Amino acid sequence: MELRDNTILITGGTSGLGYEFASRLIDMGNTVIITGRNQAKLDQTKKKLPLVHTFQSDVSDPLAIKALYESIIAEFPRLNILINNAGEMRKLNLQDTSIDLNDIVREIDINLSGPIRMIQQFLPHLKAQPKAAIINVTSGLALVPFPLSPIYGATKSGLRSYTKSLRVQIKKTGIKVFELVAPGANTPLNDKFAGVQEGVQLMDPVKLIAVALKGIQNDDYEIYPGLSKVIKMMSRIAPGVIFNQMSKIADKAFAETNS
Ligand SMILES: NC(=O)c1ccc[n+]([C@@H]2O[C@H](COP(=O)([O-])OP(=O)(O)OC[C@H]3O[C@@H](n4cnc5c(N)ncnc54)[C@H](OP(=O)(O)O)[C@@H]3O)[C@@H](O)[C@H]2O)c1
């Protein structure tokens, strides 16, 4: 996929991987639109990237997706690439009885229902473009469960499964479907895990997105930067080893409840 002269919508572009995608794709000669929930963060991003276009929109809200679609199609009729990047990851102790039943599935609404609804809404428009692509950001944790963040892992393996099915169903449309299997990266998403994931190497987002962009340019439909490649290989040859490592992190974090 050539990454020049495209009109690209990135969900969650105010920090981390989404910001890095936006910054690089603008430099490469694309029109870039980003979303996020927090208007102040969108305004700060606009100051840092004056060419970026911003829309306040929450991917977990179907009405917001509909409104976003209407505004974007009116203003950017040549939109041809959708990057489903917005996501949230929480540490969740499933024995915590104070967790609200609505709140426990919040990551599903954002990380899984969000991309599915975005694609459903934008698909007819993307199909009508001469060239188009969808890029879904999953995680190395789509390949192996992470008991510290059980709902997050479920959303990412769910998104991976959905992405594979989507690729089959729309293969004749000409829309290219990519999965970026991102490894742990040094972004604000990981701030709340400081001290919990001892020894876990986090990739520089600049390097991660450079690998992602090269993969998209090479039509490499599943992209495994850094440690994701190792997790992929290990989960085939010795699936128990990585899962045991992941389990130890949760055992330590939730030691009091499990004793
Ligand atoms: N960092 C990692 O270690 C890692 C590893 C593997 C995969 N990933 C995946 O990479 C993607 C980006 O993560 P990141 O590390 O860059 O996180 P981040 O730095 O926390 O950025 C998340 C972005 O998503 C936006 N966002 C969150 N919830 C949203 C919602 N409901 N609607 C619209 N925008 C929303 C945030 O802005 P607002 O808060 O203002 O909405 C922000 O712009 C996620 O899908 C994540 O799961 C990250």
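Just so it is clear, the structure is predicted and the values come from calculations on it, not from any experiment.

Caption draft 1: Focus on the overall build of the protein. Helix and strand counts for the protein stand at 9 helices and 7 strands. Rg of the C-alpha trace for the protein: 18 Å, near the compact-globule value of 18 Å for 259 residues, within the 12% margin. Projecting the C-alpha coordinates of the protein onto the three principal axes gives extents of approximately 60 × 40 × 35 Å. The proportion of buried residues among the 259 residues of the protein is 49%. By sequence separation, contacts in the protein at least 24 residues apart represent 70% of the contacts at least 6 residues apart. Surface exposure of the protein reaches about 12700 Å², of which carbon and sulfur atoms provide 53%. Across the protein, the 30 positively charged side chains and the 24 negatively charged ones have centroids separated by 7 Å.

Caption draft 2: Representation of the site of the ligand within the structure. Around the ligand sit 30 residues, and of these Thr14, Asn85, Tyr152, Thr187 and Asn190 come closest. Within the backbone of Asn85, one N or O atom sits 2.7 Å away from an oxygen atom of the ligand. Leu189 is positioned with one of its backbone polar atoms (N or O) 3.4 Å from an oxygen atom of the ligand. Burial of the ligand by the protein chains amounts to 95% of its free accessible area of 880 Å². Mapped onto the shell around the ligand, the elements with two or more residues apiece are α1 (16–27), β5 (132–139) and α5 (150–169). Of the residues forming the shell around the ligand, the biggest block, 3 residues, is contributed by β5. By residue class, the composition of the shell around the ligand is 11 nonpolar, 15 polar and 4 charged.

Caption draft 3: Structural context of the sheet that holds strand β4 (residues 81–84). Ordered in space as β3-β2-β1-β4-β5-β6-β7, the 7 strands form an open sheet in which the pairing is parallel. Two strands lie at the open edges of the sheet, namely β3 (53–56) and β7 (222–223), each paired on one side alone. Inspection of the sheet shows strand β6 (residues 175–182) paired to β7 by 2 bridges, in the parallel sense. In the strand pairing of β7, Leu180 is matched with Ile223. With respect to the sheet, α1 is in contact with β1 (7–10), β2 (31–36), β4, β5 and β6, its orientation differing from that of β1 by roughly 170°. Sheet contacts for helix α6 (residues 205–217): β5, β6 and β7; angle to β6, the most-contacted strand, approximately 155°.

About the criteria used
- Residues numbered from 1 in each chain as written.
- Predicted model: local features only at pLDDT ≥ 70, side-chain atom pairs only at ≥ 80, totals over all residues.
- Heavy atoms only, no water.
- Helix = DSSP H or I, 4+ residues; strand = E, 2+ residues; numbered from the N terminus.
- Rg over C-alpha atoms; globule rule 2.2 N^0.38 Å.
- Buried < 20%, exposed > 50% of the residue type's maximum accessible area, 1.4 Å probe, protein only.
- Contact = heavy atoms within 4.5 Å.
- Areas by Shrake-Rupley, 256 points an atom, 1.4 Å probe, with all protein chains shown as cover.
- Lys, Arg positive; Asp, Glu negative; His and termini not counted.
- Charge placed at Lys NZ, Arg CZ, Asp CG, Glu CD.
- Near = heavy atom within 4 Å.
- Polar contact = N/O pair within 3.5 Å; in protein donor to acceptor, adjacent residues only side chain to side chain.
- Nonpolar A, V, L, I, M, F, W, Y, C, P; charged D, E, K, R; others polar.
- Pairing = 2+ DSSP bridges.
- Axes fitted to C-alpha atoms, helices over the stretch in contact; angles between N-to-C directions.

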